[in-house]
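A structural walkthrough
Below, each chain spelled out in residue letters.
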Amino acid sequence: MTGAAVPGPDGLLRCPWALSTEDYVAYHDEEWGRPVHGDDALYERLCLEAFQSGLSWITILRRREGFRAAFADFRIAKVAAFTEADQERLLADPGIIRNRAKIEATLANARVLADWAPGELDELVWSFAPDQNSRPAPKSLADVPAVTTESTALSKALKKRGMRFVGPTTAYALMQACGLVDDHLADCAARSS
């Protein structure tokens, strides 16, 4: 799909991907592209983007409450203390994606982050936010990249510090979801000015 924004049931123009389900409409209008700060909040988004790898976002979005319950609301200190028994519990939890490598990465990343100073993840992630005027607002989905120079640099910085499942595409999805970039289409009602 490479189209421009399209009208939703309420007549508002939205990015085309947002109109396939009610879940997407709410996520698009209320969350995607809005600034997210705080180490635990960014850790949650990073984990969910990693779990999404190879799957559709709607799969993750519909299981988000299950993920939150399974991973102690993504509180870094709590997840960092998870044991092997917790890992086995997660592998049996039908409320999440039961992918061993992704679960192990989520736990390992929490252990890495637990050693960081408060606010350090927030500061690091946001240090890669590009100048909002550095590229024009996308007119169609074809204008929205999957990877950028900044996402590649963020990925390298996270990996260098011991993080896993944080490739450039995942890093860019994080940047989009957390408002580091505004990839709402130019004529989308949810785009910031």
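Check the entry above for the structure.
The rules behind the values
- Residues numbered from 1 in each chain as written.
- Predicted model: local features only at pLDDT ≥ 70, side-chain atom pairs only at ≥ 80, totals over all residues.
- Heavy atoms only, no water.
- Helix = DSSP H or I, 4+ residues; strand = E, 2+ residues; numbered from the N terminus.
- Rg over C-alpha atoms; globule rule 2.2 N^0.38 Å.
- Buried < 20%, exposed > 50% of the residue type's maximum accessible area, 1.4 Å probe, protein only.
- Areas by Shrake-Rupley, 256 points an atom, 1.4 Å probe, with all protein chains shown as cover.
- Lys, Arg positive; Asp, Glu negative; His and termini not counted.
- Charge placed at Lys NZ, Arg CZ, Asp CG, Glu CD.
- Polar contact = N/O pair within 3.5 Å; in protein donor to acceptor, adjacent residues only side chain to side chain.
- Contact = heavy atoms within 4.5 Å.
- Axes fitted to C-alpha atoms, helices over the stretch in contact; angles between N-to-C directions.
- Parallel < 35°, antiparallel > 145°, perpendicular 65-115°, else oblique.
- Left-handed = near helix turned anticlockwise from the far one by under 90°.
- Expected span 1.5 Å × (residues − 1).

**A short note on the overall build of the protein**
Of regular secondary structure, the protein possesses 10 helices and two strands. The helix and strand sequence of the protein, counted from the amino end, reads β-β-α-α-α-α-α-α-α-α-α-α. For 193 residues, the compact-globule formula gives about 16 Å, and the C-alpha radius of gyration of the protein, at 17 Å, lands near that figure. On the principal axes, the C-alpha backbone points of the protein span a range of 50 × 35 × 25 Å. Of all 193 residues assigned to the protein, the portion counted as buried reaches 47%. Working note: accessible area of the protein is about 9200 Å², and carbon and sulfur atoms make up 53% of it. One way to put it: in the protein the 22 positive side-chain charges average out to a point 4 Å from where the 27 negative ones average out.

**Comments concerning the side chain of Arg14**
Mapped onto the elements, Arg14 comes out in strand E2 (residues 13-14). According to the relative accessible area criterion, Arg14 is buried, its value standing at 4%. Polar side-chain contacts of Arg14 include one of 2.7 Å to the side chain of Asp29. Residues in contact with Arg14, not counting those within four places in the same chain, are Ala5, Val6, Gly8, Leu19, Val25, His28, Asp29 and Cys188.

**What to know about the packing of helix H6 (residues 84-91) against helix H7 (residues 100-114)**
In contact at an axis separation of 10 Å, H6 and H7 are set at 140° when each is read in the N-to-C sense. Here H6 lies oblique to H7, going by the angle between them. Regarding H6 and H7, the two cross each other, and that crossing is right-handed. Along the contact surface, H6 presents Gln87, Glu88, Leu90 and Leu91, while H7 presents Arg100, Ile103, Glu104 and Leu107.

**Comments concerning the environment of Ile76**
Inspection of the secondary structure assignment puts Ile76 in helix H5 (residues 76-80). Each C-alpha atom of the pair Ile76 and Asp143 lies 35 Å from the other, and the pair is 67 residues apart in sequence. Excluding residues within four positions of it along the chain, Ile76 makes contact with Asp39, Asp40, Tyr43, Ala110, Leu113 and Ala114.

**As for helix H2 (residues 39-52)**
Counted at 1.5 Å a residue, the expected span for H2 with its 14 residues is 20 Å, and the 20 Å between its end C-alpha atoms agrees. Burial runs high along H2: 11 of the 14 residues are buried. For H2, every residue scored as buried is listed here: Asp39, Leu42, Tyr43, Glu44, Arg45, Leu46, Cys47, Leu48, Glu49, Ala50 and Phe51. Trailing H2 by a residue or two, Gly54 shows a phi angle of about 85°, which is positive.

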